[in-house]
Every structure is written in C-alpha cells, then in structure tokens.
Amino acid sequence: MIQSIPDIFANNRAWAAEMERERPGFFTELTRQQKPKYMWIGCSDSRVPANEIMGLAPGEVFVHRNVANVVVHSDLNALSTVQFAVDVIKVEHITVVGHYGCSGVAAALAGQRVGLADNWLRHIQDVRDRHWNLLDRIAEPQRHDALVELNAIEQVVNVCQSTVMVDAWARGQNVTVHGWVYGIHDGLLQNLHITVNGFEGLEAAYRAAVAGVAAAVRVAR
C-alpha cells in the first residue's frame, strides 16, 4: 500500500516505464488527440476506477465523476462535460454507472445528515420518494441496492433529456446512453437494461428498466 507522497511519484514512474515497455510510443500517441468512444459518468468513490473496470487504457474513456453519479439540469459542470464529450470529442456511448455500496445513496436512503452534501443528496432523496412504493416492498437489507439501480436509471433519463442530447439526436448524431451498475463486492458490471439511442425510445426503456428493478431477485450482502 502507498504510504506517502514520494511513494506516489515512485509508483507513477514505474507505471509510466511499464506502459512504455509494453506499448512503445504510447504516450507520444496520447499527446496527439483524444478520441475515446466512451464517456463514463460515475461516482467519485475511490473504489470505482472507470478505466480499470472497463478494461480500457488512458485515452479510451472520457470521465465525469461526482458523489453518487448524479446528473441534474442545474449542474453546469456535469452538463458541460457531457456537451464537450458529445459535441467536441464525438463519443458514441455515454454510460451512467452507479455502484453497490454507495455511501451517498445510503445517506439519502436513511435521511442521514452529512453537511453541505445534503443539498446534493436531496436529488437522490427525490428518486427515493418517487419510487417509495417500489422500495417499500423490498426487504430493508436489499433496499439500498435497489435505490442504487433506480438512481442510475433516473440519471440516464436526465442525460437523455438534456439539451445536449436532444440537439445531438435531432441532428442525427450516433450516440447511445446506457445505465449500468458496478459491484464492489465482485468487480462486475451489471446492465440495467436502459439503453437509449434516440429521444423517442426513452419512455419505454425507462419503464422497462424500473420494472426490472422491481422484479429482481435479491440476496443480502
């Protein structure tokens, strides 16, 4: 385990040297232009590294992270990142990825006060309240997992309803939005079956994904 700042620099130099040995010219190629096909919108949790999870190298995924992978229409940081990915980089896939064991979702579910972040977590509490009839039918130990999934699904909807995506699809741009969830307990990505490549298909995909959360067979972790 890294113990100090000098350890980080030593580890960085070892990593860079290994990358150059395995893929000569890798960093020279990176300096020319980034053209990733994928954008990852995920949680800031340190246990959820986008590149490693997807098996992709630096330069192959454009990343935006915040507490509990929330995308709201008032967040110019998130929307500007999506706009840059879609309009400038021309990504083909945007993945919104929640993760089991998310402490932000846990705090929102329990109504736990954590400070300034309470205002941010209110967005997840809105998801909780919107789907409470569904959540209330799920045993309490598994309710957190269900809210993680519902939150990711709702954030997919928010991405799709943004002006960035509405405009991109209106001009016929090939870009698809996906909802996934990552298991810290097993390292696996799960498909939430909400995949949208045009505004017309959003409502049906949303309803099917929520129904999938309701129908899921859950085990305690």
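Note that this is a predicted model, so its numbers are computed, not measured.

Draft legend 1. Structural context of the nonpolar core. Counting residues in each nonpolar core, the largest one holds 53 residues, and the members touching the most others are Ile94, Val177 and Ile194. Ranked by residues supplied to this core, first place goes to helix 8 (residues 140-161) with 10 residues. Contacts of Ile194, omitting those with residues within four sequence positions, involve Ile153, Val156, Val177, His178, Gly179, Ala205, Tyr206 and Ala209.

Draft legend 2. Spotlight on the pattern of salt bridges. Taken as a whole and assessed by the stated rule, the structure comprises 9 salt bridges. Put simply, Asp87 and Arg171 hold a salt bridge, and the shortest N to O gap is 2.6 Å. Residue Asp87 is found in helix 4 (residues 76-89), and its partner Arg171 is found in the loop between helix 9 (163-170) and strand 4 (176-182); the two are separated by 84 residues along the sequence. Ionic pairing is found between Arg207 and Glu203, a salt bridge with its closest N-O pair at 2.7 Å. With Arg207 and Glu203 both in helix 10 (residues 202-215), this residue pair falls 4 residues apart, about one helical turn. A relative accessible area of 56% places Arg207 in the exposed class. When salt bridges that share partners are traced, they join Arg122, Asp126, Arg128 and Asp129 into one network.

Draft legend 3. Fine view of the side chain of Gln155. Position of Gln155 relative to the elements: it lies in helix 8. A relative accessible area of 2% means that Gln155 is categorised as buried. A distance of 2.8 Å separates a polar atom in the side chain of Gln155 from the backbone nitrogen of Val71. Leaving out residues up to four positions away in the same chain, Gln155 has contacts with Asn69, Val70, Val71, Val96 and Val127.

Draft legend 4. Just the pairing of strand 1 (residues 38-43), in detail. Here strand 1 lies mainly inside the structure; 5 of its 6 residues are buried. In this sheet, strand 3 (residues 93-99) lies alongside strand 1 in parallel orientation, the contact comprising 5 bridges. Bridge pairing in strand 3 links Gly42 to Val97.

Draft legend 5. Quick look at the packing of aromatic side chains. Applying the stated criterion across every chain, the model contains 3 aromatic pairs. Here Trp15 and Phe27 contribute two aromatic rings whose centre-to-centre distance is 5.6 Å and whose plane-to-plane angle is 75°, an arrangement assigned as edge-to-face. You can see Trp15 sitting in helix 1 (residues 5-22) and its partner Phe27 sitting in helix 2 (residues 26-32), a full 12 residues away along the chain. Here Trp15 falls in the partly exposed class, since its relative accessible area comes to 36%. Its relative accessible area of 28% is what places Phe27 among the partly exposed residues. Taking the centre distance of 5.1 Å and the plane angle of 80° together, the rings of Phe26 and Phe27 count as edge-to-face. A connected cluster of aromatic rings, assembled from ring pairs, spans Trp15, Phe26 and Phe27.

Quick notes on the rules
- Residue numbers here run from 1 along each chain, matching the order of that chain's written sequence.
- Under the rules for a predicted model, residues below a pLDDT of 70 receive no local features and side-chain atom pairs below 80 are neither given nor counted, while totals for whole chains, interfaces and linings still include all residues.
- Hydrogens and water molecules were not included; the side-chain quantities draw on all heavy atoms of the structure.
- Grouping buried Ala, Val, Leu, Ile, Met, Phe, Trp, Tyr and Cys residues that are joined through side-chain atoms within 4.5 Å yields what is termed a nonpolar core.
- Exposure classes here rest on a 1.4 Å probe applied to the protein chains alone. A residue is buried below 20% of its type maximum, exposed above 50%, and partly exposed in between.
- Runs of E in the DSSP output that reach at least two residues are strands. Runs of H or I that reach at least four are helices, and both are numbered from the N terminus.
- Any two residues having at least one pair of non-hydrogen atoms within 4.5 Å are treated as being in contact.
- Just to be clear on terms, a salt bridge is a Lys or Arg side-chain nitrogen sitting within 4 Å of an Asp or Glu carboxyl oxygen.
- Side-chain atoms alone can form a polar contact between residues adjacent in sequence; in general such a contact is a pair of N or O atoms within 3.5 Å, and within protein one must be able to donate a hydrogen while the other accepts it.
- Strands qualify as paired when DSSP identifies two bridges or more between them.
- Here a Phe, Tyr or Trp ring, Trp counted by its six-membered ring, pairs with any other such ring whose centre lies within 6.5 Å, and the pair is stacked when the planes are under 30 degrees apart, edge-to-face when over 60, and tilted otherwise.

In short, geometric facts, not functional conclusions.
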